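Spelled out from the first residue to the last, the chains are:
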Amino acid sequence: MCVVASPLVGLMVLRIKLFVAGLVLAAQPFLLMTAKAEGWMHYGGGLDGARYADSDIVTPATIGGLKEAWRFRTGDSTDGEGYFGKRSSFKATPILVDGKLVFSTGFNRIIALDPETGAKLWRFDPDIDFSIKYSEMFTSRGVAAWSDPEAEANAKCATRIYLGTLDARLISIDAADGALCETFGTEGEIDLSKGIPNYRRGEYSVTSPPTVVNGVVVVGSSIGDNGGVSLDHGVVRAYDARSGELRWQWDPVPRFKNSPGAETWENKSAARTGAANVWSVMAADEARDLIFLPTTSPSPDFYGGRRLGDNNFANSIVAIKASNGEVAWAYQIVRHDLWDYDLASQPMLLDVDHGDAKRPALILATKMGFVFVLDRETGEPIFPVTERPVPPSDVPGERAARTQRVPSISLHPTEKNDIEIWIRDDAHTARCQEMLAGVRYEGIFTPPSLEGTLVYPGNPGGVNWGSMAAQKEKYIAFVAVNRLPTVVKLIARKEYHRQKSTGKVNGVDAQFTSQSGTPFGIARYELFNDESGAHCLKGPWSTLVAININNGSVLWEAPAGRAPGIDDDDEAAEWGFFAIGGPMATKGGVVFHSTTFDQTLRGYDTDTGKVIWSAQLPAGAHATPMSYEIGGAQYVVITAGGALANEKGQGDYVVAYKLARQD
C-alpha cells in the first residue's frame, strides 16, 4: 500500500459552512441537525440520502455566474493497460470532511483534494491485485467517513475514511494524511472474504461506500449473481468503527427452517441460494438506531425454479437496529424476482406532511420506475400500494408470483399497449420489428420465456443507483427515470452452448450467462437497432422528474440528456437518453444533474424544470454531483470518467464550478 501526501496537509485553515448534517428530526421535518462534522460528509449528502446542499448562493437568478474553478485528473484513464483490457470506471461522488474533498477511483485509490483549489493533499493506494479478473470492471462509488467522538483533537485517526475494495477488503485510513489506521482490524484492514460461503475471488467485491452509524461501519457486497444457483452469500456485516471488531452480521436469505421468512423459500432452497446482497448505498436514522438495507435479487437473476416461493428479504427494504443487528421490519418490493430488479437506489429519509400528521418516511425509487413511500418506523405504506395480478410463467419448473406490489407513484409505462416502435424510417422500423419478432410482452413483470421476453424497463432501470434528491423546504423530490428495454431469452441447457457459440439471438449480438445449476442458460440484448444504434421504442427515453412528496403528484418532467446523433430539430431531441448518475438539489432552488452520452452537467429550476445553466464536461459523467460552501462561495463538483471500459468518453476528471456570494 502506498500513501503520498502533499506538503499542504495540515497547513489549511478552512471555514466551511455546514451543509448536510445527518438525519431529519421527526419533530422538525426538513430542518438540518447541527453536527460537528463538516460539509457533505456522506455519499448521499447526509445519512438521509437526500442529496441536498444547504446553500442559497446559486439560485435561478445568479446561476449565470457559475464558472469552472478547477479540475483535477486522477491518472486512472492512462493506467490499467493489461488489466484484461479494462480501465477504471469513475462513478464516485466525493465527500467533504475535515476540510478535504475525498473520493475513490475505480482502482480503489483514495485521493484528498483542497476543496478551494483542487490541489492534491494526499493519495492512498490499496494495491489492488490486478492479476484477477473482476466482474465489476473497476468500479467504486465512493468512501465513508466517521469522526471519533472520544478522540482528542488532532489525534491519529480522529476522523477516519472507510473504503470497501474490489478484492473484498474493508480499509480504514486517517482523514488527516491518508495513512492506515493500524488499530482497525489487522493493520488497518479487514478481509471480507472470510466467513462468506461459496466465496469466489473476483466475483465478490464492494463497489459502494459503507455506512457508518452510531459507531459501527456497515458493509454489504457486490456479487456476480447470474452465474448460477449456489453463489456467494450476501451477508451484511457491521464492525466497530474504531477497532474493526465484528459487531453483528445478517444474511438476507433465511438459511434455517425456523428463521423468519423461511416459509417463503420452498424445497429447502434457502440453504443453497446465493446473493440477495446489498450492493447499493444504505441510509440510516441515527436517532432511531435504524439502518435501512436495499437488498437485491437471489441467484440466479432470470430463473427461479430452484428457489420457488416469494423469497422473503430478497428485493426488500429491511430496517435493522444498527446497535445489535436485529430486524425491526422488512417490506418486500419484488416477489420472486425474475427480472434482476435489484433495489439499486439508496433509500431517502424525509418527513412527509400526509393526512393530518407528519410522518417519518422512507422514499425509494426502483428499477421498475415505481416510487414507494413507507413509514420508516413500521415499514407500512404511507401512500397507497395495490396488489396487481401479473402474467404467469410458461417455463417448465418455474412459478412466477401471482401478484406484485404497485405503488400510487409510477413513473414508467407498465401496460402492453405502452410499447410503440419509433417510426424513424422504414429501415429502422423493419429492423426493430425483426428484433421483437416472437418476443412475449404482456406488460410489466412478464416473466422470462423460451421464446424471449421483453423486460421493460430492463434491469438497468427505471431508476438505478443514481437514486433521488430532495429540495427540503419545498417538499420536492427529484429522480431521473430511464426507459431502457431489454430482451431476455431462456435457452435449454442442451442448446445453450451451441447458441452461445454463435453469439447471437434473433440475429442480434447478445450477452450469454450460464445460470449453472438450472435447466436454462440465458441470452439478453438491449432493444437498440443493432444496425444504426438507434433506440427501437418511441420516447421519452430518460427524464428528470419532480414529485410533490406530500401527495405524490408529478410537478414537472424534463428531458435528461440527449442521444448521440440527434439534431436539435429531431423529435428525439426532447426524449433524453439513459441517465446513469442521479440528481442533487440545493436550497437556492436549483437541481443539478449530469448525463453521460452528451457529456453535460445541467442546472434546472426546481419550480419549473427549465434548464437554466449547462456546462460541457471533459468526459461523460456516471456520477451524482455534490456541493459545498467555502470562503463565501458555493462549489458544485462532479466526477467525469465516461464509460472507460468501453473506451467511450474516456477521462478521469474531477471538475468544480464556483459562484461567489454577491453582497
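Since the model is a prediction, treat every value here as computed from it, not as a measurement.

**Student:** So what's going on with the overall build of the chain? Residues and values would help.
**Tutor:** Each helix and strand counted, the chain has two helices and 46 strands in total. A globule of 663 residues ought to have a C-alpha radius of gyration of about 26 Å, and the chain, at 23 Å, matches this closely. Each principal axis of the C-alpha atoms in the chain carries an extent, and together these give about 65 × 60 × 60 Å. The buried share of the chain, taken over its 663 residues, is 66%. The contacts in the chain between residues at least 6 apart in sequence include a share of 64% that link residues at least 24 apart. If you sum the accessible surface of the chain, you get close to 22,800 Å²; carbon and sulfur atoms cover 48% of it. Across the chain, the centroid of the 64 positively charged side chains sits 3 Å from that of the 79 negatively charged ones.

**Student:** Would you mind going over the pattern of salt bridges in detail, with residue names and values included?
**Tutor:** Across all of its chains, the model carries 40 salt bridges by this definition. A salt bridge links D598 to R602, with the nearest nitrogen and oxygen atoms 2.7 Å apart. The same class applies to D598 and to R602, which are both buried. A network of salt bridges, in which partner residues are shared, links D285, R288, D351, R376 and E377.

**Student:** Talk me through the environment of F445; I want residue IDs and the actual numbers.
**Tutor:** For F445, the position within the fold is in the loop between α1 (426–435) and β30 (453–455). Of the residues examined, F445 reaches a relative accessible area of 1% and is grouped as buried. Through-space distance from the C-alpha of F445 to that of Y628 is 41 Å; in sequence the pair is 183 residues apart. Discounting residues that sit within four places of it in the chain, F445 has contacts with V334, W339, Y341, M368, F370, V390, P391 and Q404.

**Student:** A description of the sheet that holds strand β23 (residues 327–332) should follow, citing residues and the corresponding values.
**Tutor:** Within the open sheet, the four strands sit side by side as β20-β21-β22-β23. Their pairing is antiparallel. Of all strands in the sheet, those bounded by a partner on one side alone are β20 (283–285) and β23. Averaged over neighbouring strand pairs, the angle between their axes works out to 15° when direction is ignored.

**Student:** I'd love a proper account of the pairing of strand β6 (residues 100–104), names of residues and values included.
**Tutor:** Judged by how many residues are buried, β6 sits mostly within the fold: five of five residues are covered. Side chains of β6 alternate between two faces, with K100, V102 and S104 and L101 and F103 buried alike. In terms of strand pairing, strand β5 (residues 95–97) meets β6 through three bridges, oriented antiparallel. Looking at β6, one finds that L96 is bridged to L101. The antiparallel hairpin formed by β5 and β6 contains two residues in its connecting segment, where D98 sits at a positive phi of about 50°. Relative to strand β7 (residues 110–113), β6 runs antiparallel, the two being bridged by four bridges. Across the sheet, the residue bridging to S104 is I110, located in β7. As consecutive antiparallel partners, β6 and β7 are separated by five residues, and within that stretch N108 has a phi angle of approximately 70°, a positive value.

Reading the values: the criteria
Residues numbered from 1 in each chain as written. Predicted model: local features only at pLDDT ≥ 70, side-chain atom pairs only at ≥ 80, totals over all residues. Heavy atoms only, no water. Helix = DSSP H or I, 4+ residues; strand = E, 2+ residues; numbered from the N terminus. Rg over C-alpha atoms; globule rule 2.2 N^0.38 Å. Buried < 20%, exposed > 50% of the residue type's maximum accessible area, 1.4 Å probe, protein only. Contact = heavy atoms within 4.5 Å. Areas by Shrake-Rupley, 256 points an atom, 1.4 Å probe, with all protein chains shown as cover. Lys, Arg positive; Asp, Glu negative; His and termini not counted. Charge placed at Lys NZ, Arg CZ, Asp CG, Glu CD. Salt bridge = Lys/Arg side-chain N within 4 Å of Asp/Glu carboxyl O. Pairing = 2+ DSSP bridges. Axes fitted to C-alpha atoms, helices over the stretch in contact; angles between N-to-C directions.

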